[in-house]
Amino acid sequence: MEGNKVVATGNSSHIPQEIMFDILTRVPSAKSLLRFRCVSKSFCSLISQPSFVEAHLQKGSSDHLLVSFPYYSRRTFISCDLEHKKVQLAFSSFQYLNEPCFLQLDRMESLNGLVCLWNENKDVAICNPFTRQHVFLPRPIEKVHRRLTCCYLGFDPTIKKHKVLRGEELATFGGTPRWSIFTLGMDTSWREIHFYAKVFPIKNNWVHINGVIYSADFYEFLVAFNVGEENFSMTSFPCRVKLSDGLMPPTIVEIKEEVALLDHKSFRDDGKIIVYVLISNGSCETTWVKMQTIELPSEFYNIKETFMHCRFTTTHNGEIVLIPSFKTNWSWMEFMYSFVFFYDTRKEEWTKSKLCGIGQRNLREVRNSVWRNLVETIRSLE
């Protein structure tokens, strides 16, 4: 050191590439990684590699809780950072998803940091809110009017591409849905999937695990779609689980890379959630196994009776997230979100955080809210 000057004695070229690769994959912020690409050609090449994007998603990407609420004919989006869960989680507006080009898209799903926005009129957009990239998928021209009833994001591990699966049905409920698929970065038009069973997925009740989309069906089946092979299969729910049970039908989640079913029909009475896991016996047959019964700790019992509606999701690390709403005004049907509960399936422990920044919500907003885990990624849409 000479006076107040610092003399550099080396440069990043002396650091082995595999070590630099490991260091950069642990940077949680997608915005920081985008800046690092401007440091040098070697940094840009390294961070742009598909293997780096996958490694960053597994090691270092930050967790966010993304929420959408209906607002008249559109939706508003808010989010909070879950990277360092504290006593209090502060929500704020997710500005990019609230931009004018997305105003008419009132449905939302997400996977691997990408967000799928769509509506019943068959407008579908895929975006990466962290790189601020988006693409609108082509709208089909058809003679018979069908409404878009479901739209899922999936990932094909064989070709390393995301695919969008959509289901359409006629305006009159009861017909056979028509399915089609679109591969991002490859397809220029939708391709039809020939599957003619009467399947009617329940909105906002699905999960993607290792290249398979699992969704709950109105007829109490678990519908599985293999994204790589582009085919469907169906499995009955456990005999004791009914979608029609109570105000809180069972929720499909991922636990330790396995599809699980949370049966919480009696949660408001006894604070218990029964967890079923779908197990394969090595052949084509699968069976549901009761994994465990999760129970709220006794110190939470004094508030569980006031839960009106509950939403469940999971974090990137496999924690179960319980988001209850509380009724605040019996005359005007106003609700508020005061707490969020996290259950660590490995430690079998509950933690609780206060929520702020959501404000009071009406019954329509609560019933049609969508809560999703969103991880930061620099993944391209191609």
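Residue numbers here run from 1 along each chain, matching the order of that chain's written sequence. Residue-level local features of this predicted model are given only where pLDDT is at least 70; pairs of side-chain atoms are given and counted only at 80 or more, and the full residue set underlies all totals for whole chains, interfaces and linings. Working from all heavy atoms in the structure, the side-chain values ignore hydrogens and water.

(A) The arrangement of the overall build of the protein chain in detail. When helices and strands are tallied, the protein chain shows 7 helices and 27 strands. When the 382 residues of the protein chain are sorted by exposure, 50% land in the buried category. Residues count as neighbours in contact if any of their non-hydrogen atoms are within 4.5 Å of one another. Excluding contacts between residues fewer than 6 apart, the proportion of contacts in the protein chain whose partners are at least 24 apart in sequence is 49%. In these tables, accessible area is a Shrake-Rupley quantity obtained with a 1.4 Å probe, and a residue counts as shielded only by the protein chains included in the view. Looking at the protein chain as shown, the accessible area adds up to about 19,100 Å², and 51% of this sits on carbon and sulfur atoms. Here a helix means four or more residues in a row that DSSP labels H or I, a strand means two or more in a row labelled E, and each is numbered from the N terminus. A 1.4 Å probe rolled over the protein chains alone gives each residue an accessible area, and that area as a share of the maximum for its type sets the label: buried under 20%, exposed over 50%, partly exposed in between.

(B) Quick look at the confidence of the model for the protein chain. What pLDDT expresses is the predictor's confidence in each residue, scored from 0 to 100. For the protein chain, the mean per-residue pLDDT works out to 83, and 87% of the residues sit at or above 70. Every residue in residues 1-10 is under pLDDT 50, and counting partners more than four places away or in other chains gives 2 contacts.

(C) Broad picture of the sheet that holds strand β14 (residues 212-217). Strands are labelled as partners when DSSP assigns at least two bridges between them. Here 4 strands make up an open sheet; going across it, the order is β13-β14-β15-β16 and the pairing antiparallel. Edge strands, defined here as strands with exactly one partner in the open sheet, are β13 (201-209) and β16 (231-236). Taken over all neighbouring pairs, the strand axes of this sheet differ in orientation by 25° on average, direction set aside. Across 6 bridges, the pairing between strand β15 (residues 221-226) and β16 is antiparallel. Opposite phenylalanine 225, over in β16, you have phenylalanine 232 as the bridge partner. Axes, fitted as lines to C-alpha atoms, cover a helix only where it is in contact. Angles between the N-to-C directions of the axes lie from 0 to 180 degrees.

(D) Broad picture of the packing of aromatic side chains. Aromatic rings from Phe, Tyr and Trp, with only the six-membered ring used for Trp, were paired whenever their centres fell within 6.5 Å, and each pair was classed as stacked if the ring planes differed by under 30 degrees, edge-to-face if by over 60, and tilted otherwise. In the structure shown here, the tally under the stated rule is 17 aromatic pairs. Each member of the aromatic cluster is reached from another via a ring pair, and the members are Phe69, Phe91, Tyr337 and Trp371. In this scheme, the term charge over a ring applies when either NZ of a lysine or CZ of an arginine sits within 6 Å of the ring centre and within 35 degrees of the ring normal. For arginine 166, the ring lying beneath its charged end belongs to tryptophan 190, and the centroid distance is 4.1 Å. One Lys or Arg, lysine 352, reaches over the ring of phenylalanine 339 and ends 4.3 Å from the middle of that ring.

(E) Highlighting the packing of helix α1 (residues 17-25) against helix α3 (residues 41-48). One way to put it is that α1 packs onto α3 with a least axis distance of 11 Å and a crossing angle of 65°. Along this stretch, α1 crosses α3, giving a crossing that reads as right-handed. Contacts between α1 and α3 involve Gln17, Met20, Phe21 and Leu24 on the former and, on the latter, Phe43, Leu46 and Ile47. In this count, Pro and Cys sit with the nonpolar residues alongside Ala, Val, Leu, Ile, Met, Phe, Trp and Tyr, while Asp, Glu, Lys and Arg are called charged and the others, Gly among them, polar. A per-class count over the contact of α1 with α3 returns 6 nonpolar, 1 polar and no charged. For any pair of crossing helices, the crossing counts as left-handed if the nearer helix is rotated counterclockwise from the farther one by less than a right angle, and right-handed if it is rotated clockwise.

(F) Molecular detail of the nonpolar core. Ranked by size, the top nonpolar core spans 28 residues in total, and within it Leu24, Leu66, Phe94, Leu97, Val115 and Leu117 carry the most contacts. Contributing elements (two or more residues each) for this core: α1, α2 (30-36), α3, α4 (50-59), β6 (114-118), β7 (124-128) and β27 (370-375). Excluding residues that lie within four positions of it along the chain, leucine 97 makes contacts with Leu66, Phe77, Phe102, Val115, Leu117, Cys127 and Pro129. Grouping buried Ala, Val, Leu, Ile, Met, Phe, Trp, Tyr and Cys residues that are joined through side-chain atoms within 4.5 Å yields what is termed a nonpolar core.

(G) Summary view of the pairing of β15. Here 5 bridges tie β14 to β15, and the two strands are oriented antiparallel to one another. Residue isoleucine 213 lies in a different strand from β15, and its bridge partner there is phenylalanine 225. Counting the residues that bridge the hairpin from β14 to β15 gives 3 residues, and of these glutamate 220 lies at a positive phi of roughly 65°.

(H) Just α4, in detail. Where α4 is concerned, the buried positions are Phe52, Val53, Ala55, His56 and Leu57. Where α4 is buried, its residues contact α1, α2, α3 and β27.

(I) Spotlight on the packing of α1 against α4. Closest axis-to-axis distance for the α1/α4 pair is 8 Å, and the angle between their directions is 50°. One element, α1, and the other, α4, form an angle in the oblique class. Seen from α1, the contacting residues are Phe21, Asp22, Leu24 and Thr25; seen from α4, they are Ser51, Phe52, Ala55, His56 and Lys59. Residues belonging to the contact of α1 with α4 are distributed by class as follows: 4 nonpolar, 3 polar and 2 charged. Orientation categories follow fixed angle ranges, with anything under 35 degrees roughly parallel, anything over 145 roughly antiparallel, 65 to 115 roughly perpendicular, and all other angles oblique.

(J) Expanded view of unusual backbone geometry. In this model, glutamate 257 sits at a positive phi of 65°, which is unusual for a non-glycine residue. As for its placement among the helices and strands, glutamate 257 is situated in the loop between β17 (251-255) and β18 (258-263).

(K) A nonpolar patch on the surface, seen in detail. Like-charged residues are merged into a patch within 9 Å and nonpolar side chains (Val, Leu, Ile, Met, Phe, Trp, Tyr) within 5 Å, provided each residue has over 30% relative accessible area and no salt bridge. A pair is scored as a salt bridge if a Lys or Arg side-chain nitrogen falls within 4 Å of a carboxyl oxygen belonging to Asp or Glu. A contiguous nonpolar patch, built from Ile15, Ile19 and Ile23 and spanning about 240 Å² of accessible area, is present on the exposed surface. The residue isoleucine 15 is located in the segment before α1 in this model. Owing to a relative accessible area of 36%, isoleucine 15 belongs among the partly exposed residues under this scheme.

(L) Examining the environment of leucine 111 more closely. In this fold, leucine 111 is placed in strand β5 (residues 107-111). For leucine 111, a relative accessible area of 11% corresponds to the buried category. Separated by 42 residues in the primary sequence, leucine 111 and leucine 153 place their C-alpha atoms 6.2 Å from one another.

(M) How the structure looks around the pattern of salt bridges. The tally for this structure, following the rule as stated, stands at 15 salt bridges. Aspartate 123 is the salt-bridge partner of arginine 139, the closest N and O atoms lying 2.9 Å from each other. Here aspartate 123 lies in the loop between β6 and β7 and arginine 139 lies in the loop between β8 (133-136) and β9 (146-156), a separation of 16 residues in the sequence. What emerges from the salt-bridge pattern is a single network uniting Asp156, Lys163, Asp187, Arg191 and Glu230.

(N) Broad picture of α3. Those residues of α3 that sit buried are Phe43, Leu46 and Ile47. Seen from one end, α3 has its buried residues packed into an arc of 90°, which puts them on one side. As for α3, its buried residues are in contact with α1, α2 and α4. By construction, the arc corresponds to the directions joining the helix axis to the C-beta atoms.

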